[in-house]
Amino acid sequence: MARLNENYLNVKESYLFVEIANRVSKFEKENPDKPVIRLGIGDVTRPLPPIVVKAMEEASADQGRADTFHGYGPEQGYLFLREAVQNYYKSFGASIGTDEIFISDGAKSDTGNITDLFAQDNIVLVPDPVYPVYVDTNTMDGRKLIYMSGNAENDFLPMPDPSVHADIIYLCSPNNPTGAVYSKEQLKEWVDYALANNAIILFDSAYESFISDPSLPRSIFVVEGARKCAIEFCSLSKTAGFTGTRCGYTVVPKELVFPAADGTEMSVNKMWLRRQCTKFNGASYIVQKGAEAVFTPEGLAACHENTEYYQENARIIAKTLDRYGIRYFGGTHSPYIWMECPGHMASWDFFDLLLNEVQVVGTPGEGFGENGKGYFRLTSFNTHENTQAAMDRLASLMEKHFK
Ligand code: PLP
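Just so it is clear, the model here is predicted, and its values are computed rather than measured.

Criteria and thresholds
- Residues numbered from 1 in each chain as written.
- Predicted model: local features only at pLDDT ≥ 70, side-chain atom pairs only at ≥ 80, totals over all residues.
- Heavy atoms only, no water.
- Domains from an automatic or database assignment.
- Contact = heavy atoms within 4.5 Å.
- Buried area = accessible area lost by both parts, 1.4 Å probe.
- Salt bridge = Lys/Arg side-chain N within 4 Å of Asp/Glu carboxyl O.
- Polar contact = N/O pair within 3.5 Å; in protein donor to acceptor, adjacent residues only side chain to side chain.
- Helix = DSSP H or I, 4+ residues; strand = E, 2+ residues; numbered from the N terminus.
- Nonpolar A, V, L, I, M, F, W, Y, C, P; charged D, E, K, R; others polar.
- Axes fitted to C-alpha atoms, helices over the stretch in contact; angles between N-to-C directions.
- Parallel < 35°, antiparallel > 145°, perpendicular 65-115°, else oblique.
- Expected span 1.5 Å × (residues − 1).
- Buried < 20%, exposed > 50% of the residue type's maximum accessible area, 1.4 Å probe, protein only.
- Near = heavy atom within 4 Å.

How large an interface is tends to be reported as the accessible area lost when its parts come together. Splitting the chain by domain gives domain 1 (14–43 + 298–398) and domain 2 (50–295). Counting residues at the interface gives 26 residues for domain 1, matched by 33 residues for domain 2. Between domain 1 and domain 2, a total of about 2,400 Å² is buried, with carbon and sulfur atoms accounting for 62% of that surface. A per-residue breakdown of the area domain 1 buries against domain 2 is headed by His333, Phe368 and Asn371, which together make up 28% of the total. Applying the counting rule to domain 1 against domain 2 returns zero salt bridges. At the junction of domain 1 and domain 2, the tally comes to twelve residue pairs in polar contact (both at pLDDT 80 or more). Taken together, the elements giving at least two residues each to the side of domain 1 that touches domain 2 come down to helix 10 (297–323), strand 11 (328–330), strand 12 (336–340) and strand 15 (375–379). When residues of the side of domain 1 that touches domain 2 are assigned to their parent elements, the largest contribution, seven residues, is made by helix 10. Its residues assigned to classes, the side of domain 1 that touches domain 2 shows ten nonpolar, eleven polar and five charged.

Here it is in structure tokens:
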């Protein structure tokens, strides 16, 4: 009889977005005359920049001619794209080699697949609230998780506790769901902690392009010592609108070398290359050509314009929250606004009130962990018009119930 991986029995049903969709569709069915505005989506809405589309059209044409046709590409990604990523990192002060960059179909796959490299008995430290992928992928492997508390007192930026040992640490900055961003000094504390514990930091920088303050780190590799203890995951999903086009990159420094039980030195970079070459046949040539165009001056300017568009929405949201004295986090260097539910409401109760009374949809914070209770995530990925209309509706709700 085939024996299944029973760790899957311990993976919680991913009911958050299903439950949201069910409640919204029930409401819409019963109230067809009341249009709903969605500020819960974690997906971009602005189209790809024209220069990216053009590059992919040309690459498609390449595929239709014998002399420019591309079959299997390098598993690690085409050098033209790895060089573009390398130069991008240089632009914010991080120096990495092209053989430390691995192109993929996105950060979700890589953050999940990286667990292949780690033994089962590692202690994994994750923040609460958390992007659920970190928790679920480790649970699938039967690994033990411990949590660090993100809360209003630490601005949802948990810092290392020297009395707690961890082997693998997940950090996400700018954070999903809280929008909080670590400073360089704070990341240095994490790097020092990781080095002291011989641990590895898995740093998710999927939202780095939302950082507009140059003093804030867009990569953990601007921090001294990080090359000895960190792997970084990034993605073009939010940077360039690639959620449906799919392309990401992971940086694995060569300094990451750990001894096996028998003393043999194991290089994480070599292991990841081996893993990718064995289980992955590379991202599509067409997509990689599109991704290369993202990193041209014209591509970056167009992407920046889209990010600015979303950030304007975040400002619209923040203005209304400020007006009603609602405390929130994020929204400045992030598309996410993490607000306290007014009147100390539970997050699902606030969800229902917002939906039923003013037809605005957000994401209940408790879907991201215990510490999300009493919080609510709004996103800036809708249009200006819808975002403003949603905030007018929120204002009317506040006037009616919380004055
Ligand atoms: N990491 C974080 C923190 C995210 O929020 C997301 C997507 O929402 C991802 C990774 C996944 O990105 P990708 O589209 O590259 O798979």
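Next comes the rest of the write-up.
Another point: the packing of helix 11 (residues 347–358) against helix 12 (residues 384–401). Viewed as axis vectors pointing N to C, helix 11 and helix 12 meet at an angle of 105 degrees, and their least axial separation amounts to 10 Å. Classified by the angle their axes make, helix 11 and helix 12 are roughly perpendicular. Counted together, Phe350, Leu353, Leu354, Glu357 and Val358 of helix 11 and Arg393, Leu394, Ser396, Leu397, Lys400 and His401 of helix 12 form the full contact between these two elements. Residues belonging to the contact of helix 11 with helix 12 are distributed by class as follows: six nonpolar, two polar and three charged.

Counted at 1.5 Å a residue, the expected span for helix 11 with its twelve residues is 16 Å, and the 16 Å between its end C-alpha atoms agrees. For helix 11, the full list of buried residues reads Ser347, Trp348, Phe350, Phe351, Leu353, Leu354, Leu355 and Val358. On the buried face of helix 11, the contacting elements are helix 1 (16–30), strand 12, strand 13 (360–361), strand 14 (363–364), strand 15 and helix 12. Positive phi appears at Gln359, one or two residues downstream of helix 11, with a value of about 60 degrees.

Now for the site of the ligand. Ala107, Asp204, Tyr207, Ser235 and Ser237 are the nearest of the 14 residues found near the ligand. Take Lys238: an N or O atom from its side chain is 3.0 Å from an oxygen atom of the ligand. Within the side chain of Arg246, a nitrogen or oxygen atom sits 2.8 Å from an oxygen atom of the ligand. Looking at the shell around the ligand, the elements with two or more residues in it are helix 4 (107–113) and helix 7 (236–240). A class-by-class count of the residues in the shell around the ligand yields six nonpolar, four polar and four charged.

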